[in-house]
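Breakdown of the fold
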Amino acid sequence: MICFLAKFFIKDYDRVEDPEVRQNYGILSGVIGIALNIILVIIKMFAGYISGSIAIVSDALNNLSDVASSVVTLVGFKLSGQEADEEHPYGHGRLEYIAGLIVSLFIMIMAVELLQSSFNKILHHEEIVFTPVVGIILVISIIIKLTMFGANLQASKAIKSATLKSTAMDSISDVFSTGIVLVSVVISHFFGVNIDGIAGIIVGLFIMKTGFDAARDTISPLLGEPADKDFIDEVKEAVLSHEGVLGVHDIVVHNYGPGRIMMSLHVEVPSDKTLVEAHDLIDEIERQLNGKYRCTAVIHLDPVSDDDRAARDMKSWLKLVLEEIDPKLRYHDCRIVRNRDEEPIVSFDLEVPYKYDIKDEELKRIIEDRVKGMAGECKLDITVDKAKKED
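The following refers to the structure shown. (Residues numbered from 1 in each chain as written. Predicted model: local features only at pLDDT ≥ 70, side-chain atom pairs only at ≥ 80, totals over all residues. Heavy atoms only, no water.)

**Considering the overall build of the protein**
The criterion, for reference: A run of H or I in DSSP becomes a helix once it reaches four residues, and a run of E becomes a strand once it reaches two; helices and strands are each numbered from the N terminus. As defined in this context, the radius of gyration uses C-alpha atoms, and a globule is described by 2.2 Å times the residue total to the power 0.38. Summary of the burial criterion: residues with accessible area below 20% of their type's maximum are buried, those above 50% are exposed, and those between are partly exposed, where the area comes from a 1.4 Å probe applied to protein chains only. Methods summary: accessible areas were calculated by the Shrake-Rupley approach with a probe of 1.4 Å, and residue burial reflects only the protein chains presented. As used throughout, the charge tally considers Lys and Arg to be positive and Asp and Glu to be negative, leaving His and the chain termini uncounted. The location of each charge is read from NZ of Lys, CZ of Arg, CG of Asp or CD of Glu.
Summing up its helical and strand segments, the protein has 11 helices and six strands in all. Taken against the 2.2 N^0.38 rule, which gives 21 Å for 391 residues, the C-alpha radius of gyration of the protein at 29 Å runs more than 25% over that of a compact globule. Seen through its principal axes, the protein has C-alpha atoms that stretch 95 × 45 × 35 Å. Buried residues in the protein amount to 45% of all 391 residues. When the accessible area of the protein is evaluated, it comes to approximately 20,600 Å², of which 59% is carbon and sulfur surface. The averaged location of the 60 negative side-chain charges in the protein is 2 Å from the averaged location of its 40 positive side-chain charges.

Given below as structure tokens:
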């Protein structure tokens with residue numbers, strides 16, 4: 001529904017990578033959510049009043065929290081689209097994640113209230129009155145929420161938004177909760193078994209889990225998480241497509257909100273290139289990345305010599321040693337440098353997974369002993385790089 005309406009209300013709706021278009025998708029979702037949830041609150045409150053069901057009233061209050069969540073979504077997307085300023089030089093994109101976190105907190109607060117009310121309902125039973133009107137209202141509510149789920153999920157995939165995904169998950173949780181309420185009032189009416197309070201507790205627990213999952217999805221990018229592996233592979237492919245590039249590593253992506261990233265990486269080029277030639281190549285790659293991903297890319301240049309036989313032999317020995325110790329270990333930027341006394345030193349960066357069993361210093365000692373066993377006496381300068389994610 002959101003993607004369909006976007007064709008009429010959002011200019012250049014198909015350019016979802018454009019921050020302004022993306023922002024308008026979020027605002028449209030918020031407006032639709034406010035309108036539909038207000039309708040649901042009104043009709044469910046009416047159904048709860050005529051039936052006397054605490055589960056229906058609680059379900060209506062849950063939709064009232066959804067109204068507040070939709071307002072937060074709307075405001076969050078609106079504020080996140082602001083331009084960068086002196087206080088926030090990287091923009092306001094992370095406000096979208098904060099909006100998603102607030103939505104999840106609303107969900108969990110309503111779950112706690114629902115659990116409390118349902119528990120009291122178990123202690124103090126009241127007669128439930130079921131009418132065709134109540135049944136029709138609950139069925140309509142389920143249909144509306146299913147529509148909202150599909151609309152927000154489709155939109156979240158289109159613009160890659162964790163906030164809209166949280167909204168979609170909230171909608172599908174409402175489908176299940178309203179379904180449980182419908183079953184409980186039907187059982188109470190036709191079989192004389194009052195499970196209204198129990199149904200309310202089941203709904204409350206389900207809503208609590210939904211809120212927890214939504215919070216997890218928004219807290220993760222706020223704390224900082226590794227870039228998607230497919231994205232990293234795509235960046236590597238783009239960089240390696242340039243003539244003269246021998247390798248790329250240490251790609252680090254800083255996320256300042258959807259569509260607002262800073263990227264740093266190391267690019268290996270032949271050491272026989274002149275400084276001007278290497279600089280021009282790096283500038284060309286940076287321009288390509290900046291244009292393709294709407295990011296700020298900064299590249300560190302690593303000169304690599306392919307003609308040095310000693311360096312080639314050392315790389316072969318390193319590869320064998322690391323494969324023997326653990327195939328997860330990798331190295332890059334291997335070169336032979338000389339100190340003030342003209343002594344050769346083998347310098348390289350060692351990629352080590354997080355939470356590795358062997359301590360860094362012990363791992364260095366093991367590698368040094370095994371390399372010396374192959375290459376003879378030599379000095380190694382090993383820099384351990386923990387900023388790697390296991391495949």
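From this point, the discussion proceeds with the structure in view.
**Brief notes about the nonpolar core**
For clarity, the cut-off: For our purposes a nonpolar core is just a set of buried Ala, Val, Leu, Ile, Met, Phe, Trp, Tyr and Cys residues, chained together by side-chain atoms within 4.5 Å.
Ranked by internal contacts, the top residues of the largest apolar core, which has 23 residues, are Val239, Met263, Leu265, Val267 and Leu289. Of all the elements in the fold, those that place two or more residues in this core are helix H8 (229-240), strand S1 (247-255), strand S2 (261-270), helix H9 (275-293) and strand S3 (295-304). At six residues, the largest contribution of residues to this core is made by H9.

**Notes on empty space enclosed by the protein**
Rolling a probe over the atoms, with the probe sized like a water molecule, indicates the empty space that remains. Heads up, the rule is: Using a grid of 1 Å spacing that covers the protein atoms alone, one calls a set of points a cavity when a 1.4 Å probe fits there but cannot get out, and a pocket when the set is open and has protein on both sides within 12 Å along at least five of seven lines; lining residues are those with an atom within 4 Å of a point. Grid points are joined across faces, edges and corners, and a volume is the space filled by probe spheres set on the points. Only Asp, Glu, Lys and Arg are considered charged, only Ala, Val, Leu, Ile, Met, Phe, Trp, Tyr, Cys and Pro nonpolar, and every remaining residue, Gly among them, polar.
This structure, assessed with the given rule, holds two cavities of 30 Å³ or more. As a volume, the largest cavity reaches approximately 110 Å³. Together, 15 residues line the largest cavity, and Asn37, Asp66, Ser70, Thr167 and Asp170 are the ones closest to its centre. Elements with a contribution of two residues or more to the lining of the largest cavity: helix H2 (19-51), helix H3 (54-80), helix H5 (132-159) and helix H6 (162-191). Residue composition of the lining of the largest cavity, by class: two nonpolar, 10 polar and three charged.

**Remarks on the sheet that holds S3**
Basically, it comes down to this: We call two strands paired when DSSP finds no fewer than two bridges between them. What counts as an axis is a line fitted to C-alpha atoms, over the stretch in contact for a helix, and the angles between N-to-C directions run from 0 to 180 degrees.
As summarised here, the arrangement of the three strands in space is S1-S2-S3, forming an open sheet in which the pairing is mixed. Each having just a single partner strand, S1 and S3 make up the two edges of the open sheet. Averaged over all pairs of adjacent strands, the angle between strand axes in this sheet comes to 15°, irrespective of strand direction. In the sheet, S1 pairs with S2 via seven bridges, with the strands oriented antiparallel. Its bridge partner lying in S2, Asn255 is registered against Ile261.

**Focus: H6**
An α-helix turns once every 3.6 residues. As a result, residues three or four positions apart point the same way. How we decide: Take the residue count of a helix, subtract one, and multiply by 1.5 Å to get its expected span.
An ideal rise of 1.5 Å per residue puts 44 Å on 30 residues; H6 measures up with 43 Å between its terminal C-alpha atoms. Just downstream of H6, Gly192 is the residue with a positive phi angle, here 70°.

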